[in-house]
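# Examining the three-dimensional arrangement
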Amino acid sequence: MPVIALSLVFILLFPFSAYAYIDPGAGSMAYQALLALVLGAGFMARQILGRFLIAARDLFRRKSSTPAGPKE
Amino acid sequence: MIVRRAAGSFRDPAGYVVHSDDAIYRLLMPAGRESYEQLMASGLYARLTESGLLVPHEEVTQPGVLDRSAWRAIKPKHLPLVTYPYEWSFSAWRDAALLTLRIQRLALQHGMMLKDASAFNIQFEGCRPIFIDTLSIERLKPGPWRAYRQFCQQFLAPLALMAYRDVRLGRLFRVHPEGIPLDLASTLLPSRTWARPGVLLHVHLHALAETRLRSSRAARRTGPAGPGGAKGMRPTHQNEALLDSLERAIRALSWTPAGGWTSYERQTPSYSERAMSHKLGIVDAWLSRLRPQQVWDLGANTGRFSRLALKHGAYTVALDEDPGCVEMLYRREREAGGGRLLPLVVDLAAPSPALGWAHEERSALADRGPADLLLALAIVHHLAIGRGIPFAQIAQYFARLGRTLIIEFVPGDDPLAQPLLQRAPDHAAGYTQQAFEDAFTRQFRIEESVSITDSTRSLYLMVRP
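Residues numbered from 1 in each chain as written. Chains lettered and ligands numbered in written order. Predicted model: local features only at pLDDT ≥ 70, side-chain atom pairs only at ≥ 80, totals over all residues.

### Here's the deal with the overall build of chain B
Going by this rule: Per the convention used, a helix needs a DSSP run of H or I reaching at least four residues, while a strand needs a run of E reaching at least two, with both numbered from the N terminus. Field definition: a residue is buried when 20 or more other C-beta atoms are found within 10 Å of its C-beta, exposed when 12 or fewer are, and partly exposed for counts in between, with C-beta atoms placed from the backbone. Note on contacts: each residue gets a C-beta atom placed from the backbone, and two residues are in contact if those atoms are within 7 Å.
In terms of regular secondary structure, chain B is built from 16 helices and 16 strands. A principal-axis box enclosing the C-alpha atoms of chain B has dimensions of 75 × 60 × 40 Å. Looking at the 465 residues of chain B, the share that counts as buried comes to 46%. Long-range pairs, those at least 24 residues apart, make up 67% of the contacts in chain B with a sequence separation of at least 6.

### Side note on helix H10 (residues 273–290) of chain B
Residues and elements named next belong to chain B. The test is simple: Each residue after the first adds 1.5 Å to the expected span of a helix. Each C-beta atom gives one direction from the helix axis, and the arc is the one those directions make.
With 18 residues, H10 extends 26 Å between its outermost C-alpha atoms, agreeing within 8% with the 26 Å of an ideal straight helix rising 1.5 Å per residue. Residues Lys279, Val283, Trp286, Leu287 and Leu290 constitute the buried set of H10. One face of H10 carries all of its buried residues, which in axial projection span an arc of 105°. Pointing more than 90 degrees away from the buried face of H10 are the exposed residues Glu273, Arg274, Ser288 and Arg289. Elements that come into contact with the buried residues of H10 comprise helix H11 (304–311), strand E13 (371–376), strand E14 (402–409) and strand E16 (458–463). Just beyond H10, the residue with positive phi is Arg291, at close to 45°.

### Brief notes about the sheet that holds E16(B)
The pairing of strands in a sheet comes from backbone hydrogen bonds and takes either a parallel or an antiparallel form. All names here are of chain B. Our working definition: Any two strands are treated as partners once DSSP identifies two or more bridges connecting them. For helices, the axis comes from a line fit to the C-alpha atoms of the stretch in contact; other axes are also lines fit to C-alpha atoms, and the angle between any two N-to-C directions lies between 0 and 180 degrees.
Taking strand neighbours across the sheet as the criterion, the seven strands line up as E12-E11-E10-E13-E14-E16-E15 in an open arrangement whose pairing is mixed. Edge positions in the sheet fall to strand E12 (341–345) and strand E15 (445–451), since each of these pairs with one other strand and no more. With strand direction ignored, the average angle separating the axes of adjacent strands in the sheet is 15°. The strands touched by helix H12 (residues 323–335) within the sheet are strand E11 (315–320) and E12, with E12 carrying the most contacts at an inclination of about 160°.

### Here's the deal with the sheet that holds strand E5 (residues 72–76) of chain B
Residue and element names in this part refer to chain B. In space, the five strands of this open sheet follow the order E1-E2-E3-E5-E4, with antiparallel pairing throughout. With one partner strand each, in any of the chains shown, strand E1 (4–5) and strand E4 (57–60) form the two edges of the open sheet. For E4 and E5, the ladder comprises four bridges, and the chain directions are antiparallel. Within E5, the position partnered with His57 by the bridge is Pro76.

### What to know about unusual backbone geometry
All names here are of chain B. The peptide bond linking Gly369 to Pro370 adopts the cis configuration, its omega dihedral lying at 0°. Looking at the element boundaries, Pro370 is found in the loop between E12 and E13. For Asn301, which is not glycine, the phi torsion reads 55° and is therefore positive. With a phi close to 55°, Ala358 is a non-glycine residue in the positive phi region. Secondary-structure assignment places Ala358 in the loop between E12 and E13.

### Quick look at the nonpolar core
Rule in force here: Among buried residues, those of type Ala, Val, Leu, Ile, Met, Phe, Trp, Tyr and Cys that are joined through C-beta atoms within 7 Å form a set called a nonpolar core.
Membership of the largest hydrophobic core comes to 143 residues, with the highest contact counts inside it found for B:Leu156, B:Leu159, B:Ala160, B:Val203, B:Leu374, B:Leu375 and B:Ala376. With 11 residues, helix H4 (residues 148–164) of chain B is the single largest residue contributor to this core.

### Description of the domain arrangement of chain B
Interface size is commonly expressed as the accessible area that is lost once the parts come together. The condition that has to hold: Domain delimitation follows an automatic or database domain assignment.
You can read the domains of chain B as domain 1 (4–76), domain 2 (85–251) and domain 3 (262–463). On a C-alpha basis, the centres of domain 1 of chain B and domain 3 of chain B stand 37 Å from each other.

### Quick notes on the confidence of the model for chain B
Residue and element names in this part refer to chain B. Test applied: As a per-residue quantity, pLDDT reports the predictor's confidence and falls between 0 and 100.
Looking at chain B as a whole, its pLDDT mean stands at 92, while 94% of the residues score no less than 70. Every residue in residues 222–230 is under pLDDT 50, and counting partners more than four places away or in other chains gives 27 contacts. We note a pTM of 0.90 for the whole complex and an ipTM of 0.82 for its interfaces.

### Section: the pairing of E11(B)
Residues and elements named next belong to chain B. Convention followed: The crossover handedness rule: strands pointing away from the viewer, path from first strand over the helix to second strand clockwise, crossover right-handed.
Among the six residues that make up E11, six are buried, leaving the element largely enclosed by the rest of the structure. Residues Tyr315, Val317 and Leu319 line one face of E11 and the alternating positions Thr316, Ala318 and Asp320 line the opposite face, and both faces are buried. In the sheet, strand E10 (residues 294–298) pairs with E11 via five bridges, with the strands oriented parallel. Residue pairing across strands places Leu298 opposite Leu319, the latter belonging to E11. Handedness of the crossover is the feature at issue here: the chain leaves E10, passes through H11, returns alongside E11, and the resulting connection is right-handed. Direction of pairing for E11 relative to E12: parallel, over a ladder of five bridges. Within E12, the residue paired with Asp320 across the bridge is Val345.

### Quick word on the environment of B:Gly143
Residues and elements named next belong to chain B. The residue Gly143 is located in the loop between strand E9 (137–139) and H4 in this model. Of the residues examined, Gly143 has 21 C-beta atoms within 10 Å and is grouped as buried. Linking Gly143 and Arg289, residues 146 residues apart in sequence, is a C-alpha distance of 59 Å.

### Observations concerning the packing of H4(B) against helix H6 (residues 197–212) of chain B
Pairs of packed helices are described in terms of their axes, by the angle between the two and the distance that separates them. Residue and element names in this part refer to chain B. Test applied: Roughly parallel means an angle under 35 degrees; roughly antiparallel, over 145; roughly perpendicular, 65 to 115; everything else is oblique. Three classes are used: nonpolar for Ala, Val, Leu, Ile, Met, Phe, Trp, Tyr, Cys and Pro, charged for Asp, Glu, Lys and Arg, and polar for all others, with Gly counted as polar.
Close contact between H4 and H6 brings their axes to 11 Å; oriented N to C, the two are set at 105°. In terms of orientation, H4 lies roughly perpendicular with respect to H6. Residues Cys152, Leu156, Ala157 and Ala160 of H4 touch H6, and the partners they reach there are Val199, His202, Val203 and His206. In the contact of H4 with H6, the residues fall into six nonpolar, two polar and no charged.

### Let's talk about the environment of B:Met112
Residues and elements named next belong to chain B. Residue placement: Met112 occurs in strand E6 (residues 112–114). For Met112, a count of 21 C-beta atoms within 10 Å translates into the label buried. When the C-alpha positions of Met112 and Cys127 are compared, they lie 27 Å apart, and in sequence the two are 15 residues distant. Discounting chain neighbours no more than four positions away, the residues touching Met112 are Gln38, Leu39, Ser42, Leu44, Ala107, Ile137, Glu138, Arg139 and Leu140.

### Considerations on the pairing of E14(B)
Residue and element names in this part refer to chain B. With respect to burial, E14 is a largely interior element, seven of its eight residues being buried. Of the pairings in the sheet, the one linking E14 to E16 comprises six bridges and is antiparallel in character. Paired with Ile407 across the bridge in E16 is Tyr460.

### Let's talk about the packing of helix H3 (residues 90–109) of chain B against H12(B)
Residues and elements named next belong to chain B. It is at 7 Å that the axes of H3 and H12 come closest, and there the two elements cross at 55°. Taken together, the axis directions place H3 and H12 in an arrangement best described as oblique. Across the interface between the two elements, Phe90, Ser91 and Ala92 from H3 touch Glu327, Tyr330 and Arg331 from H12. Grouping the constituent residues of the contact of H3 with H12 by class yields three nonpolar, one polar and two charged.

Structure, rendered in structure tokens:
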């Protein structure tokens, strides 16, 4: 997903122009900031999904174990 | 004590390396003080050195080491030999990349970061990579990771070129010792790599970004720090996501020579069993007599004799021009946990030159020696006939590389030399045992010579006077 999203961003947004010598790292730094945003969002989404799945599993287990489980 | 500044150590304002006759020191300048103190106090130094990731050091106070502007000197543990990425096997370079990422990850957990990601900051002890530039670890700064592009140029791009195009492209690094320019890497990589997420994100699109984004509003708005630079620390999850992505990109790269080990081990044996065991016996006896600290095995091939030197306690460097057998030897020694045998890709007829600013940043191979002992077994006929280098020049160069020499002479009528002479008949007249001995005795004293049983070959033990 991040790959497709970034490719689209590139194709659509950035003009095909390059000035001679600004800061050789400037483009790379800007790209990295963008990349970290996209990858970071994916990372967060996976974590949230992971937590959701764990919560759902726990909920399911509690429900299914309630009838047979010891009474408190 | 006389100390000299290491010629290649000048880029980092936080400090530089000096060496005396028997040790090297790193001088710390005030600019690096804060970071160094955090490294030591945060527990990161202990964590990194205990796991063998960072070279340990001791703080020294000897007079003569500190110059007037330095506030402290440290003496890092001595490493047997400095080597460079363009000499490493594919897997060694890949291990160095993973080590760099691991250190960056641990540094982030301690509020620190790597301020550069130079492959030259990694050295090898046998097949174990170790980070040597203590001053590269600095206090975490806001904004993107400044070493990101360097990591891609010095690790990802060369490794991708080796894995997807041709392993010999590792030597392209000699032409670009500051890293393979990403637009060049992108051009050279096969088009199928646009479908590999790691290479696409960090090489191809990154290369496009370098030219197209640097003039963008995003880059202009915040200057070299990039967007986010003004907004403070980047959120942890973004740092982790970027590191995860780089690590996945590196782990996805692999290269194995066609046929693996078998293609080397199945080569027609050129020695009868008797001849081989006689040869092993002689070298074994000489090794136990000489007890060398460091051995360079020239043309090591499967490393049979390198391992013999290792058995005698020597730190052994196995040099071969074939990236395939160096790769297989590295993997085998790494699995064995080897910290004393390092295989390197070196073409002896065109060994690593001195490189970088003023030809002094990276040393030529010969200037990193001499080894206590050179093993030159079944190699001289390749150089003399195959590469047309006269005996006199070979002897001179070997005398620069090592103090003692165990060398094998393969005569012209031998099945090993015959095919070479058929291809280069002009060299036949000069290729005699007498000419070999004459040339080598101008540089060495022959201590002993033995004819190998059941063959026409001879072994010599020679010592530089």
